[in-house]
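Chain and residue survey
What follows is each chain in one-letter form.
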There are 2 protein chains.
Amino acid sequence: MKVRVGVNGYGTIGKRVAWAVTLQPDMELVGIVKTKPNWETLSAVKRGLRIYTLKENMREFHARGIEIHGTIEDLLNSVDVMVDATPGDVGATYKKLYESFSRKAVFQGGEEPEVAEVSFNALVNYGEALGKNYVRVVSCNTTGLLRIIHAISRLGRIKRVRGFIARRAADLKEIKKGPIEGIILDPSKPPSHHALDVNTVIKDLDIITYAVVVPTTLAHVHTLQFMLERAVSHDEVLDALANTPRILLVDGGLLKSTAELRELARDLGRPQGDIYENVVWSDSVLVRGDEVMLTYAVHQEAIVVPENIDAIRAITRLKERAEDSIKITDETLGIKRWL
Amino acid sequence: MKVRVGVNGYGTIGKRVAWAVTLQPDMELVGIVKTKPNWETLSAVKRGLRIYTLKENMREFHARGIEIHGTIEDLLNSVDVMVDATPGDVGATYKKLYESFSRKAVFQGGEEPEVAEVSFNALVNYGEALGKNYVRVVSCNTTGLLRIIHAISRLGRIKRVRGFIARRAADLKEIKKGPIEGIILDPSKPPSHHALDVNTVIKDLDIITYAVVVPTTLAHVHTLQFMLERAVSHDEVLDALANTPRILLVDGGLLKSTAELRELARDLGRPQGDIYENVVWSDSVLVRGDEVMLTYAVHQEAIVVPENIDAIRAITRLKERAEDSIKITDETLGIKRWL
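Predicted model, so just to flag it, every value in this text is computed and none were measured.

**A word on the packing of aromatic side chains**
Scanning the entire structure with this criterion turns up eleven aromatic pairs over all chains. Ring plane angle 25° and centroid distance 3.9 Å describe the contact between A:Phe164 and B:Phe164, whose orientation is recorded as stacked. With one member in each of two chains, A:Phe164 in strand β9 (residues 158-168) and B:Phe164 in strand β9 (residues 158-168) form a pair that bridges those chains. With centroids separated by 6.3 Å and ring planes inclined at 45°, the aromatic side chains of B:Phe107 and B:Tyr134 adopt a geometry described as tilted. Highlighted residues: B:Phe107 in strand β6 (residues 104-107) and B:Tyr134 in strand β8 (residues 134-137), separated in sequence by 27 residues. Since its relative accessible area comes to 0%, B:Phe107 is described here as buried. Ring-pair connections join several aromatic residues into one group, and the members of that group are A:Tyr94, A:Tyr98, A:Phe107 and A:Tyr134. For the cation-ring pair, A:Arg47 lies above A:Trp19, with the distance from its terminal atom to the ring centre recorded as 3.5 Å. Positioned above the aromatic ring of B:Tyr134 is the side chain of B:Lys95, whose terminal nitrogen or guanidinium carbon lies 4.7 Å from the ring centre.

Written as structure tokens, this is what we have:
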């Protein structure tokens, strides 16, 4: 029997998670919730998805000739899990509704950690989410950080992480967000929220991050410095990265920008040019005894999609072990197999 | 008697250095060399500067109705020092000419270090440039790095510096340079040339820098991590920064972007909105025992201007001590007095 999934919100994350759910052999996408009949709704219609909305908004959809399958309550009656992909802090306002229908829910990183029982990353703490009712998939930057931290932690205890994050200012479709010029400290006073968010998943890690926002839409770029408890070799680090799921190594001699990377993903047929992996520049890896530094890209629109899929499997106990869920997710999404 | 100065090249750096020379009580700007009668030449004419050019280009200027005072050789005959502000690696091709006229020259950071006897920063190694014939003022990013390193070194020996540099992609007038989208690793393999360039001035410093290029024209932003030989206090660090020439502290509560910073400089009447100082965000300063981190902005068009002025004083021995030259330069340019 398949787990029945609904997706509340069909924006940047919601639509991608919905499409990814349709590719899972053990899940069924029952439908999505949209509050407004905008252009993204039209793409959902074209893809044949069942659309639900709020009772008071149904007329607006009908006026546009868009067929509505029912209310959000109707959808909740028909699913086992709701993935909440509403805008940041809006998810929390829906939680009571999910509770009243006794439905499990997966929230996004835009929510406060308190919305859920556990903040989630598939590589780091899948087990903690098993059977839970409410989990929160941490944001794109935090997901990117956690994967790399997990890979490096395989080499021994991490004493300290320091990170610099160059954040993309907006997604392509966010036509009102800026800046289009300048570099913005986000914030000026460290740590940026990313370090704090990592600590919602790995509680005792000494991590400080600085972040700036830069005028680009394509991807974030992180440079991290690790101090480890022991000296490691360059090969060990590269092996640890290469052998960790959802981390892809590229050579800076081949390409050295987020622009070329996203264009390559488009050329190779990745849907919307999406990149689910952390893309680590192999030649950026620098090892000096117990110090490791490296640089990687995070495609903000896509990186949390596989994590959402695994979160569904964890809370519904479709798979008891992270590696079993990750294997299915990564095979269905083509992760690490496009390059 | 004033030192007579010529400036070869009237682009981003050359024009600013030329204007700054006119403000010095102990210097005289004899003239500038332009090879093409472009719009920047018109601004030089308007400012009443004497324009020299290559013999073969004189007709082009006359055709535009621009009065030429002579050839570059005529200018060399009339000056004590030539500031070479020609494009990167072009300065080296002029060196023979300067030599043949036995003229001292100040080169820019776009030249290889070998062009000069010493790579220069006023705070760090003014004394090494005293009486030399050829010095090279290191580039904007390197100048920014060296000032901060100098300030922190006043607290004790620096064991290690790690830096992340978000570089502006182009200056406002560079209409053919990009990118306008994406983040480019520059390079992917560390260290970026900035660390190497720091080492041309401070030879034994353990420094590694990572750099990316981002689509902005306003300023670079650096985040540095220092490991010191002893634990220091937060106040000690702020004091060291505040008491170092050419370092300005701003509060992120007041402004937190390069865009606001440059706009403020324009509002307060800085010529072209230029910022000669390293602008350190005071709330970015983080101290953990022997570890210090901080973030600052570097206005790429302006930061080397005071360094060029001091370099002229050092090689001509107008002043024997760095602080005496810096005092005059900073007073005439209004450094640290606009905010």
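**A few points about the environment of B:Thr86**
Residue and element names in this part refer to chain B. Among the secondary structure elements, Thr86 is positioned in the loop between β5 (81-84) and α5 (91-100). According to the relative accessible area criterion, Thr86 is buried, its value standing at 11%. Sequence spacing of Thr86 and Gly11 is 75 residues, and the spatial spacing of their C-alpha atoms is 7.7 Å. Here Gly91 takes part through its backbone nitrogen, which lies 3.0 Å from a polar atom of the side chain of Thr86.

**So, the interface of chain A and chain B**
At the interface, 41 residues of chain A touch 41 residues of chain B. For the chain A face of the interface with chain B, the top three residues by lost area are A:Ile183, A:Leu185 and A:Tyr210, together amounting to 19%. Where chain A touches chain B, the interface holds four salt bridges. Residue B:Arg162 pairs with A:Glu291 through a salt bridge whose shortest N-O separation is 2.7 Å. The interface formed by chain A and chain B contains 19 residue pairs in polar contact (both at pLDDT 80 or more). Elements with a minimum of two residues in the side of chain A that touches chain B: β9, β10 (184-185), β11 (207-214), β12 (220-228), α10 (258-267), β15 (286-288) and β16 (291-298) of chain A. Looking at side-chain class alone, the side of chain A that touches chain B contains 21 nonpolar, eleven polar and nine charged residues.

**Observations concerning the pairing of β5(B)**
All names here are of chain B. Both faces of β5 are covered, namely the face carrying Val81 and Val83 and the face carrying Met82 and Asp84. Inspection of the sheet shows β5 paired to β6 by three bridges, in the parallel sense. Residue pairing in the sheet places Met82 in a bridge with Ala105 of β6. Crossover connection from β5 via α5 to parallel β6: handedness right-handed.

**Regarding the nonpolar core**
Residue and element names in this part refer to chain A. Grouped together as the largest cluster of nonpolar side chains are 81 residues, with contacts concentrated most on Ile148, Phe226 and Leu241. Ranked by residue count, the leading element in this core is helix α7 (residues 140-153), at seven residues. Residues from two domains meet in this core; each of domain 1 (3-138 + 304-333) and domain 2 (140-298) gives at least three. The contacts of Ile148, once residues within four sequence positions are left out, are Leu224, Phe226, Leu241, Ile247, Asn278, Val280, Leu294 and Tyr296.

**Quick word on the sheet that holds β6(B)**
Residue and element names in this part refer to chain B. Read across the open sheet, the eight strands follow the order β4-β3-β2-β1-β5-β6-β8-β7; overall the sheet is parallel. Either end of the sheet is taken by a strand with one partner, and the two such strands are β4 (70-71) and β7 (118-120). As defined by bridge partners, strand β2 (residues 27-33) adjoins strand β3 (residues 51-53) across two bridges and the pair is classed as parallel. Opposite Ile32, over in β3, you have Ile51 as the bridge partner. Taken strand by strand, helix α6 (residues 122-129) contacts β7 and β8, and its axis lies near 145° from that of β7. Along the sheet, helix α11 (residues 305-315) makes contact with β1 (3-8), β2, β5, β6, β7 and β8, crossing β6 at roughly 155°.

**Things to note about the domain arrangement of chain A**
All names here are of chain A. If you check the domain split of chain A, you get domain 1 (3-138 + 304-333) and domain 2 (140-298). Once you take the C-alpha centre of each, domain 1 and domain 2 turn out to be 26 Å apart. Contacts between the two partners involve 25 residues from domain 1 and, on the opposite side, 19 residues from domain 2. Of the roughly 1900 Å² buried at the junction of domain 1 and domain 2 (both faces included), carbon and sulfur atoms supply 56%. It is Leu123, Val124 and Val138 in domain 1 that bury the most area against domain 2; as a group they hold 31% of the surface buried on that side. The salt bridge involving Arg246 is made with Asp310; its shortest N-O contact spans 2.6 Å. In this structure, the connection of domain 1 to domain 2 is made through nine residue pairs in polar contact (both at pLDDT 80 or more). Taken together, the residues of the side of domain 1 that touches domain 2 sort by class into 13 nonpolar, six polar and six charged.

Calculation criteria
- Residues numbered from 1 in each chain as written.
- Chains lettered and ligands numbered in written order.
- Predicted model: local features only at pLDDT ≥ 70, side-chain atom pairs only at ≥ 80, totals over all residues.
- Heavy atoms only, no water.
- Phe/Tyr/Trp six-rings, centres within 6.5 Å; stacked < 30°, edge-to-face > 60°.
- Helix = DSSP H or I, 4+ residues; strand = E, 2+ residues; numbered from the N terminus.
- Buried < 20%, exposed > 50% of the residue type's maximum accessible area, 1.4 Å probe, protein only.
- Lys NZ or Arg CZ within 6 Å of the ring centre and 35° of its normal.
- Polar contact = N/O pair within 3.5 Å; in protein donor to acceptor, adjacent residues only side chain to side chain.
- Contact = heavy atoms within 4.5 Å.
- Buried area = accessible area lost by both parts, 1.4 Å probe.
- Salt bridge = Lys/Arg side-chain N within 4 Å of Asp/Glu carboxyl O.
- Nonpolar A, V, L, I, M, F, W, Y, C, P; charged D, E, K, R; others polar.
- Pairing = 2+ DSSP bridges.
- Right-handed = clockwise from strand over helix to strand, strands pointing away.
- Core = buried A, V, L, I, M, F, W, Y, C linked by side-chain atoms within 4.5 Å.
- Domains from an automatic or database assignment.
- Axes fitted to C-alpha atoms, helices over the stretch in contact; angles between N-to-C directions.

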